[in-house]
Structures are given as C-alpha cells and as structure tokens.
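Residues per chain are reported as follows:
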Amino acid sequence: MQILKSLGPAVARVSAFEAMRAGLGALIGLGLTGLFLLSPQIDTELGLYLVAPFGASSVLLFAVPNSPLAQPWSAIVGNTVAAIVGVAVCLSVPDPALRIALAVGLAITATILCRAVHPPAGAVAMTAAMSPEAIAQQGFWFALVPIAVGTIALVVMAAIYARLTGRRYPFRQFDDQSKFGTDDRNPTERLGLSEEELTAILERYSQSFNLGVEDLARLIGAAELQAATHSSGRLTAQDIMSRNLVTVGPDTALGEIADLFRQHRFTSIPVVENNQTFLGVIFQMHLITQARTDALRLHRGYGAALRRLLDRDRDKPVLAGDIMSVAGPRASTNTPIGALLPMMADGDTDAVPVIEDGNIVGIVTRTDLVAALARRAARSPH
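Residues numbered from 1 in each chain as written. Predicted model: local features only at pLDDT ≥ 70, side-chain atom pairs only at ≥ 80, totals over all residues. Heavy atoms only, no water.

What follows deals with the overall build of the chain. Secondary structure assignment for the chain yields 17 helices and four strands. Counting contacts in the chain only where the partners sit at least 6 residues apart, residues at least 24 apart contribute 66% of the total. Of the roughly 22200 Å² of accessible surface on the chain, a fraction of 59% belongs to carbon and sulfur atoms. (Helix = DSSP H or I, 4+ residues; strand = E, 2+ residues; numbered from the N terminus. Contact = heavy atoms within 4.5 Å. Areas by Shrake-Rupley, 256 points an atom, 1.4 Å probe, with all protein chains shown as cover.)

So this is what it looks like as structure tokens:
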C-alpha cells in the first residue's frame with residue numbers, strides 16, 4: 001500500500017483557477033517572447049530563437065513562482081551560464097554522446113557554483129550540444145540571443161503577470177518591509193527566529209532549492225496560527241460576537257457614516273439591505289481614503305476638464321455602496337475563534353461579519369477576539 005501511495009501525486013491539490021492562471025501566463029509569456037525573438041530583424045533560419053527550454057522555464061516562472069529555482073537570478077544566470085558551457089563543449093568535443101553528457105554535467109556544476117540552479121538550464125546546454133551546425137554559425141552569440149534575451153523577457157513578463165493576477169514574483173526577501181511600510185516583520189511572521197536560523201533549517205532538511213527563507217517564515221507562522229485553532233477551546237463566533245449592530249444601507253451618504261463612526265467609535269460598519277441582508281462592510285480606512293481622494297481633487301487641481309467633471313457629478317454624492325468592501329472574510333455562528341485568528345492577525349481585517357442564511361447576525365471585531373483570548377488566558381492554569 002505504501003508503494004502505491006508513493007506512486008501517486010506528490011503535489012497538493014490546487015484550484016482550477018490557479019491552473020488556468022498559470023497556463024494563461026505561460027501562453028502570454030511565450031507568445032510575446034516568440035513575437036519578440038522572431039521579429040524580422042533577427043535571422044530565423046537556424047530555428048533556435050524560440051528554444052524548447054523556454055517552455056520548461058515558463059512552467060517554473062508562471063506555475064511555481066515562489067520556488068528559488070524560478071527566481072530571476074536562477075533563471076537568467078542559470079540559462080545563460082548553461083548556454084555558454086553548452087557552446088564551449090559543442091565547439092570542442094566531436095563525439096555526440098560524450099558532447100551531450102559533458103555539456104549537461106558541466107552546466108549543472110557551473111550553475112550550482114553560481115547559485116543559479118534552474119532545471120531548464122540543463123536543457124539549454126543539451127540544445128546547444130545537439131546542434132553543432134547551428135552553434136558553429138552562432139558561436140557564443142547563442143548564449144546572448146536567444147537564451148539570455150529570451151529568459152529576461154520571460155522573467156519581466158512573469159513579474160508583470162504575477163502583479164496583475166495577485167501573486168508575488170520575484171519572491172519575498174526576509175528583510176523586506178512589512179505591509180505597513182516599516183522594518184518590523186508582519187505580525188504572523190514574528191517567530192523569534194533569525195534569517196540564519198531559518199536558512200539552517202532549510203539546509204538541514206535539504207529544502208534550499210524548494211523554498212525561500214521568507215516563505216518558510218510565512219509557513220511556520222501560518223502553522224502556528226492553525227495549531228492555535230486546536231487549543232482555543234469550544235468558543236465560537238456566536239460566543240464573542242457583537243449582536244446589537246449599527247448598520248447602514250447602500251444609499252447612506254458618507255457624512256452620515258462619518259457621524260456614526262464618531263458617535264460609536266467603531267472601526268467598521270456593516271452595509272445591509274432590508275435591515276438584515278448582508279451586502280458588505282465599510283471600514284474607517286475606506287472613509288479616510290475617499291476623503292483624501294476628494295481633497296486631492298479639490299485642492300491640487302487637475303485642470304479645467306476635471307473641474308467640469310466634478311461640477312457635473314456634484315449632484316451624485318458617493319454613497320456607502322460605492323466604497324464598501326464585499327470581498328473580506330466572513331464567519332458563521334459556529335466558526336471557532338481559532339479560525340478567526342488568521343483572518344485578523346495580519347491587520348488587513350478589523351472585523352469579520354457573522355452571516356447566517358445571507359443575513360448578518362453579528363460581527364467579531366479585533367477587540368472582541370483579543371478580549372476573549374485574554375479571558376481564556378486568565379482562566380488557564382499557570
């Protein structure tokens with residue numbers, strides 16, 4: 001049975017959306033790279049300008065962009081160094097079998113020494129070694145065009161595509177600023193472990209080629225939060241949520257919403273329809289952002305055209321439905337408080353609405369959650 005299990009998929013299940021996102025990225029990336037490399041200014045008679053290894057690079061760049069093997073240094077330097085090695089071997093070793101084996105072996109050694117391991121680089125060296133006639137005409141130019149130029153183009157498009165689709169490429173660095181623009185770590189990544197200690201863990205388990213230090217910190221933090229769900233007891237959202245809610249409708253003016261924030265000192269106000277049907281949440285930050293946008297438009301000025309536009313839309317004020325958030329996390333009455341921790345730990349969410357049958361029945365704020373955890377800590381034996 002264990003043998004059969006070992007023959008099954010080793011990769012965790014991913015959503016169909018993620019599969020489509022990766023495939024579409026490779027389609028766009030290779031398509032645009034092909035148009036660039038096969039432009040009329042370049043001689044395409046050799047047929048080497050859009051080489052097969054670019055397909056393998058696309059798998060890494062668009063499907064697993066968090067892998068250290070897919071990072072810009074690994075991709076660009078790895079492919080280029082492998083091409084140089086492949087060309088050198090091709091020009092100096094006449095025997096085909098020895099030439100191919102030597103090119104790939106030396107390319108692996110060279111890319112490891114350059115800290116630029118990129119699996120498609122082996123195919124780059126092999127491509128050069130299998131094409132002695134083409135390499136005889138191109139020489140080391142092959143390492144620059146198509147290999148280096150093509151890889152750079154793929155990396156640039158992978159970075160743009162990742163940003164457009166909500167991903168991160170290149171991957172995070174351990175000393176990156178937090179999401180708040182400070183040098184502190186993000187709350188879920190404050191593990192008490194240094195970069196050197198995390199690096200040692202990766203090396204100890206031979207995972208340096210599979211995971212970056214920053215991503216390891218994020219995974220450990222997520223695992224700790226998940227573990228907290230098993231030790232937070234039987235408390236659920238309905239035990240700690242606020243029930244006497246102050247809500248607004250989608251047509252409520254921003255001035256009235258601002259008055260409610262001042263009066264009740266809330267950080268969030270649910271938007272409902274027909275008094276119960278949940279539509280979204282307005283956070284204080286939404287109001288601040290809208291006010292700042294209006295101030296910039298009115299006081300800095302963007303020309304006569306914008307002034308005419310403002311005059312035209314003056315009778316159409318911004319309403320609650322225009323600025324509310326509809327994509328935030330939600331909970332049910334039976335959601336354990338441990339599951340609420342990762343929703344609010346990083347500071348992106350101040351409150352989680354509690355929904356039953358489409359209607360809002362309560363809201364759990366960060367204050368509610370902290371108070372519940374404090375009470376539990378006070379009751380637990382020391």
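Our next topic: the confidence of the model for the chain. Per-residue confidence for the chain gives a mean pLDDT of 80, with 76% of residues at or over 70. This model gives residues 301–313 a pLDDT under 50, and the stretch forms six contacts once residues within four places in sequence are excluded. (pLDDT = per-residue confidence, 0-100.)

Bringing the side chain of His-118 into the picture now. Within the secondary structure, His-118 is located in the loop between helix H5 (96–113) and helix H6 (120–129). A residue is classified by how much of its surface remains accessible, and His-118, at 3% relative accessible area, is buried. Looking at His-118, its side chain comes within polar contact range of the side chain of Ser-57, at 2.9 Å. Within polar-contact distance, the side chain of His-118 engages the backbone oxygen of Leu-69 at 2.7 Å. In this structure, His-118 is in contact with Ser-57, Leu-60, Leu-69, Ser-74, Ala-75 and Asn-79, ignoring residues within four places of it in sequence. (Buried < 20%, exposed > 50% of the residue type's maximum accessible area, 1.4 Å probe, protein only. Polar contact = N/O pair within 3.5 Å; in protein donor to acceptor, adjacent residues only side chain to side chain.)

Right, let's talk about the pattern of salt bridges for a bit. Think of it this way: side chains of opposite charge can pair up when their charged atoms draw near. Under the definition given, this model contains three salt bridges. Ionic pairing is found between Glu-18 and Arg-167, a salt bridge with its closest N-O pair at 2.4 Å. With a gap of 149 residues between them, Glu-18 in helix H2 (residues 16–37) and Arg-167 in the loop between helix H8 (141–164) and helix H9 (195–204) connect regions that are remote in the sequence. When salt bridges that share partners are traced, they join Glu-18, Arg-21 and Arg-167 into one network. (Salt bridge = Lys/Arg side-chain N within 4 Å of Asp/Glu carboxyl O.)

Okay, unusual backbone geometry next. Along the chain, Val-145 connects to Pro-146 via a cis peptide bond; the corresponding omega equals 20 degrees. As for its placement among the helices and strands, Pro-146 is situated in helix H8. Residues other than glycine seldom take positive phi values, yet Arg-265 does so here, at roughly 60 degrees. Position of Arg-265 among the secondary structure elements: in the loop between helix H12 (254–264) and strand E1 (268–273).

In this section: the nonpolar core. Counting 37 residues, the largest nonpolar core has Leu-61, Phe-62, Phe-142 and Ile-147 as the members making the most contacts within it. Contributions of two or more residues to this core are made by H2, helix H3 (53–63), helix H4 (72–92), H5, H6 and H8. Among the elements that line this core, the one with the most residues is H4, at nine residues. For Ile-147, the residues in contact, after removing those within four places along its chain, are Val-51, Phe-54, Asn-79, Thr-80, Ala-83, Val-124 and Phe-142. (Core = buried A, V, L, I, M, F, W, Y, C linked by side-chain atoms within 4.5 Å.)

Now for the packing of H4 against H6. A pair of packed helices is captured by two measures, namely the crossing angle of their axes and the spacing between those axes. The geometry of H4 relative to H6 is characterised by a closest axis approach of 8 Å and an angle of 25 degrees between their N-to-C directions. Between H4 and H6, the angle is such that the two are roughly parallel. Handedness of the H4/H6 crossing: right-handed. The segment H4 lies against H6, with Gly-78, Asn-79, Ala-82, Ala-83, Gly-86, Val-87 and Cys-90 engaging Pro-120, Ala-121, Val-124, Ala-125, Ala-128 and Ala-129. Class assignment for the residues of the contact of H4 with H6 results in ten nonpolar, three polar and no charged. (Axes fitted to C-alpha atoms, helices over the stretch in contact; angles between N-to-C directions. Parallel < 35°, antiparallel > 145°, perpendicular 65-115°, else oblique. Left-handed = near helix turned anticlockwise from the far one by under 90°. Nonpolar A, V, L, I, M, F, W, Y, C, P; charged D, E, K, R; others polar.)

Now for the environment of Leu-98. For Leu-98, the position within the fold is in helix H5. Residues Leu-98 and Ala-129 lie 31 residues apart in sequence; the distance between their C-alpha atoms is 9.5 Å.

Along E1, five of the six residues are buried, which leaves the element largely enclosed by surrounding structure. Sheet topology places E1 next to strand E2 (residues 277–283); six bridges connect them, and they run antiparallel. Opposite Ile-269, over in E2, you have Ile-282 as the bridge partner. (Pairing = 2+ DSSP bridges.)

What follows concerns the pairing of strand E4 (residues 359–365). Of all seven residues in E4, five are buried, a share of seventy percent or more. The pairing of strand E3 (residues 351–356) with E4 spans six bridges and is classified as antiparallel. Bridge assignment links Val-354 to a residue of E4, and that residue is Gly-362. Here E3 folds back onto E4, and the loop between the two strands holds two residues, one of which, Asp-357, carries a positive phi near 55 degrees.

The subject of this paragraph is a nonpolar patch on the surface. On the surface, a cluster of nonpolar side chains totalling about 490 Å² of accessible area is made up of Leu-24, Leu-27, Ile-28, Leu-32 and Leu-35. Mapped onto the secondary structure, Ile-28 falls in helix H2. We classify Ile-28 as partly exposed; its relative accessible area is 37%. (Patch = residues over 30% accessible without salt bridge, like charges linked within 9 Å, V, L, I, M, F, W, Y side chains within 5 Å.)

The terminal C-alpha atoms of H5 lie 26 Å apart, and with 18 residues this matches the ideal 26 Å at 1.5 Å per residue to within 8%. Regarding H5, the residues found buried are Arg-99, Ala-103, Ala-107, Ala-110 and Thr-111. End-on, the buried residues of H5 take up no more than an arc of 90 degrees, which puts them together on one face. Exposed and facing more than 90 degrees away from the buried side of H5 are Ala-97, Ala-101 and Leu-113. On its buried side, H5 packs onto H4, H6 and helix H7 (132–138). Where H5 begins, the side chain of Asp-95 points an oxygen toward the backbone nitrogen of Ala-97, at a separation of 3.4 Å. Looking one or two places after H5, you find Arg-115, whose phi comes out positive at around 55 degrees. (Expected span 1.5 Å × (residues − 1). Arc of directions from axis to C-beta.)

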